[in-house]
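# Observations on chain architecture
So the chains spell out like this:
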Amino acid sequence: MKSVNRFRISFESRSENESFARSLVGAFLLPLDPVVEEVTEVKTAVSEAVSNSVIHGYRGAEGKIYMECEYSEDGRVRIVVRDEGVGIENVEKAMEPLFTTNTDGERSGMGFTVMESFMDRITVTSEPGRGTQVVMMKKLDVGYAQ
Ligand SMILES: Nc1ncnc2c1ncn2[C@@H]1O[C@H](COP(=O)(O)OP(=O)(O)OP(=O)(O)O)[C@@H](O)[C@H]1O
Ligand SMILES: [Mg+2]
């Protein structure tokens, strides 16, 4: 993907930064003049990835979340959300619909499924004790407005 615009950022692992990351990506993609529904899907996928880093990666403790977003002229968007948290033992299993390690009944185990259905492609790499990286791609239906 030949990117025409790109940003990288890091922020604290705090639940309020979930909506910050979401808004940031929405604002960044505006020059593409995208379809609202598609941007909402991308933003939702971003929130799911960030909330996973906050809740599971760092388990509410301090930590940094790294996010990268780029788009190309033809509307291809690539987003990376990475943490240096506890990591995932079995990524394949973690990505199954309804799988959750959360025991208080607050989580539904649908985060990865939402990311997969709202984006064209998602790749999760993780190492226990080292952290987790989620790479998401989506081709937006846009006319480049520049
Ligand atoms: N960044 C991460 N670090 C460590 N574990 C993770 C991370 N992201 C996901 N997981 C693991 O994968 C499981 C599935 O994640 P998923 O987002 O699909 O569901 P959930 O977060 O448990 O529930 P929901 O997203 O519906 O609130 C989590 O329960 C957790 O065990
Ligand atoms: Mg989740």
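Going by the structure above, here's the rest.
This section reports on the structure supplied with the text. (Residues numbered from 1 in each chain as written. Chains lettered and ligands numbered in written order. Predicted model: local features only at pLDDT ≥ 70, side-chain atom pairs only at ≥ 80, totals over all residues. Heavy atoms only, no water.)

### A short note on the packing of helix 1 (residues 16-29) against helix 2 (residues 36-57)
So the rule is basically this: Every angle, taken between N-to-C directions, lies between 0 and 180 degrees, and every axis is a line fitted to C-alpha atoms, over only the stretch in contact when it is a helix. For the purposes of this entry, the term helix denotes a DSSP run of H or I that reaches at least four residues, the term strand denotes a run of E that reaches at least two, and both are numbered from the N terminus. Handedness of a helix crossing follows the sense of rotation of the near helix relative to the far helix, less than a right angle counterclockwise being left-handed and clockwise being right-handed. Any two residues having at least one pair of non-hydrogen atoms within 4.5 Å are treated as being in contact. Note on residue classes: Ala, Val, Leu, Ile, Met, Phe, Trp, Tyr, Cys and Pro are nonpolar, Asp, Glu, Lys and Arg are charged, and everything else, Gly too, is polar.
Packing of helix 1 against helix 2 leaves a shortest axis separation of 9 Å and a crossing angle of 150 degrees. For the pair helix 1 and helix 2, the sense of crossing is right-handed. Contacts between helix 1 and helix 2 involve Asn17, Glu18, Ala21, Arg22, Val25, Gly26 and Leu29 from the first element and Val39, Thr40, Val42, Lys43, Thr44, Val46, Ser47, Val50 and Ser51 from the second. Grouping the constituent residues of the contact of helix 1 with helix 2 by class yields seven nonpolar, six polar and three charged.

### Brief notes about the packing of aromatic side chains
What counts here: What counts as a ring pair is set by centres within 6.5 Å for rings of Phe, Tyr and Trp (its six-membered ring), and what kind of pair is set by the plane angle: stacked under 30 degrees, edge-to-face over 60, tilted for all other angles. Burial classes follow relative accessibility: with a 1.4 Å probe on protein chains only, a residue under 20% of its type's maximum area counts as buried, one over 50% as exposed, and anything between as partly exposed.
Under the criterion given, the structure shown has three aromatic pairs. With a centroid separation of 6.2 Å and an interplanar angle of 90 degrees, the aromatic rings of phenylalanine 11 and phenylalanine 20 are classed as edge-to-face. Taking relative accessible area as the criterion, phenylalanine 20 reaches 35% and is therefore assigned partly exposed. Measuring from ring centre to ring centre gives 5.1 Å for phenylalanine 28 and tyrosine 71, while their planes differ by 55 degrees; the resulting arrangement is tilted. Separated by 43 residues along the polypeptide, phenylalanine 28 in helix 1 and tyrosine 71 in strand 2 (residues 64-71) bring together distant segments of the chain. The exposure classification of phenylalanine 28 matches that of tyrosine 71, with both residues buried.

### Side note on the site of ligand 1
Inclusion rule: Whether a residue is near a molecule or strand is decided by its heavy atoms; if any one of them lies within 4 Å of it, the residue is near.
Taken together, 19 residues sit near ligand 1, with His56, Thr100, Thr101, Arg107 and Met110 positioned nearest. Secondary-structure elements contributing two or more residues to the shell around ligand 1 are helix 2 and helix 4 (111-118). Counting residues per element, the shell around ligand 1 draws most heavily on helix 2, at five residues. Taken together, the residues of the shell around ligand 1 sort by class into five nonpolar, 11 polar and three charged.

### Overview of the side chain of serine 51
Just so we agree on the cut-off: Counted as a polar contact is a pair of N or O atoms within 3.5 Å, where, for protein atoms, one must be capable of donating a hydrogen and the other of accepting one, and residues adjacent in sequence contribute only when both atoms are in side chains.
As for its position among the elements, serine 51 is in helix 2. Given a relative accessible area of 8%, serine 51 falls into the buried group. At 3.3 Å, the side chain of serine 51 and the backbone oxygen of glutamate 48 are in polar contact. Discounting chain neighbours no more than four positions away, the residues touching serine 51 are Glu18 and His56.

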